[in-house]
Amino acid sequence: MFQEVPVLQFVPSKRGGKILIYKNNSYVQTSSKIRWYCSKKFQTPFLQFMPSKRGGTIMIYNNNTYVQMNSKLRWYCSKKAGGCKSRVVVTEDGEFVTELGGHNH
Ligand SMILES: [Zn+2]
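Every value quoted in this text rests on a predicted model; they were computed, and no experiment measured them.

1. Quick notes on the domain arrangement of the protein
- Looking at the assigned domains, one finds that the protein contains domain 1 (9-41) and domain 2 (48-100).
- Averaged C-alpha coordinates put domain 1 and domain 2 at centres separated by 22 Å.
- If you look at the interface, domain 1 gives seven residues, while domain 2 gives six residues.
- The residue makeup of the side of domain 1 that touches domain 2, split by class, is one nonpolar, five polar and one charged.

This is how it looks when you write it as structure tokens:
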């Protein structure tokens, strides 16, 4: 007896990434090439990206501004210097994955 092998389909996303289609759901990739997350996970929070005064990019989420540090996939609250531990993890397409820590202000 052969088991039915699930069919995985890969389609290009609007932002140049890849979307995985499996059982009529779409999945997107985060930092890992092995894990795919249901795209519904990313629909709610809206992230805004703006140029910063110093030529970089800042991100706005929940009325807080975030700055990028070493990774393109992690943004740190701009009040980090004041001890704030809030970070936002995004996909390579710049979509919200999760918020870690919380604001202290
Ligand atoms: Zn904060």
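2. Brief notes about the pairing of strand β6 (residues 57-61)
- Pairing geometry for strand β5 (residues 48-51) and β6, over four bridges, is antiparallel. By the bridge assignment, Pro-51 is partnered in β6 with Thr-57.
- Connecting β5 to the next strand, β6, in antiparallel fashion are five residues, including Gly-55 with a positive phi near 90°.
- Pairing geometry for β6 and strand β7 (residues 64-68), over four bridges, is antiparallel. The partner of Ile-60 across the bridge, within β7, is Thr-65.
- Between β6 and β7, which pair antiparallel and follow one another directly, the connecting turn spans two residues, one of which, Asn-62, has a positive phi of 55°.

3. So, the sheet that holds strand β8 (residues 74-77)
- Strand order in the open sheet formed by six strands is β5-β6-β7-β8-β9-β10, and the pairing between neighbours is antiparallel. Across the chains shown, the open sheet's two edge strands, defined by having one partner strand only, are β5 and β10 (96-100). Adjacent strand axes in the sheet meet at a mean angle of 30° when their direction is disregarded.

Calculation rules
Residues numbered from 1 in each chain as written. Predicted model: local features only at pLDDT ≥ 70, side-chain atom pairs only at ≥ 80, totals over all residues. Domains from an automatic or database assignment. Contact = placed C-beta atoms within 7 Å. Nonpolar A, V, L, I, M, F, W, Y, C, P; charged D, E, K, R; others polar. Pairing = 2+ DSSP bridges. Helix = DSSP H or I, 4+ residues; strand = E, 2+ residues; numbered from the N terminus. Axes fitted to C-alpha atoms, helices over the stretch in contact; angles between N-to-C directions.

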